[in-house]
Amino acid sequence: GDEAPPRAYYTEQHRTANAELQDHVRRLRFLRSLATSTAAAATACPICGDDQLVTVAVLTCAHAVCLDCMEQLVSVRGRRVAIVHCPQCRTRTRRVAIVH
């Protein structure tokens, strides 16, 4: 008959949903910080210091990095990495979760 999926299935689903929720919360924090900070402070790249940014990549911790620096973060010795560490707080972000 119809058997319920194993407990591991539900545990993995819970982990995935929790990770997605945390990503959304971090993005919301970033948007709120943009609303309360000056444009230069919110968009200055913490790596190269460029404060005339038009387009940035946003990590799940809500810190922003310029696209040129982000490209360097996601490429190590010519290979794309799956996890990026924020240069400001060291929070881990999955490459697929980076918003730009």
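These remarks concern the structure in this document.

Definitions and cut-offs
Residues numbered from 1 in each chain as written. Predicted model: local features only at pLDDT ≥ 70, side-chain atom pairs only at ≥ 80, totals over all residues. Heavy atoms only, no water. Helix = DSSP H or I, 4+ residues; strand = E, 2+ residues; numbered from the N terminus. Buried < 20%, exposed > 50% of the residue type's maximum accessible area, 1.4 Å probe, protein only. Contact = heavy atoms within 4.5 Å. Areas by Shrake-Rupley, 256 points an atom, 1.4 Å probe, with all protein chains shown as cover. Phe/Tyr/Trp six-rings, centres within 6.5 Å; stacked < 30°, edge-to-face > 60°.

### Some words on the overall build of the protein chain
Next up, step 1: Summing up its helical and strand segments, the protein chain has three helices and six strands in all.
Next up, step 2: Helices and strands in the protein chain line up, N terminus first, as α-α-β-β-α-β-β-β-β.
Next up, step 3: A total of 100 residues make up the protein chain; the buried ones form 23% of that total.
Next up, step 4: Taking all contacts inside the protein chain whose residues are at least 6 apart in sequence as the whole, residues at least 24 apart take part in 43%.
Next up, step 5: Here the protein chain displays about 7,200 Å² of accessible surface, and carbon together with sulfur accounts for 52% of that area.

### Here we look at unusual backbone geometry
Next up, step 1: Even without being glycine, Arg77 reaches a positive phi, approximately 50°.
Next up, step 2: With a phi close to 70°, Arg90 is a non-glycine residue in the positive phi region.
Next up, step 3: Its location among the elements puts Arg90 in the loop between β5 (83–85) and β6 (92–94).

### Some details on the side chain of Asp23
Next up, step 1: Inspection of the secondary structure assignment puts Asp23 in helix α1 (residues 7–36).
Next up, step 2: Ignoring sequence-local partners within four residues, the contact set of Asp23 consists of Thr60, Arg94 and Ala97.

### Observations concerning the packing of aromatic side chains
Next up, step 1: A complete count under the given rule lists one aromatic pair for this structure.
Next up, step 2: Geometrically, the ring pair formed by Tyr9 and Tyr10 is edge-to-face, given 5.4 Å between the ring centres and 75° between the ring planes.
Next up, step 3: Taking the relative accessible area as the measure of exposure, Tyr9 reaches 43% and is therefore partly exposed.

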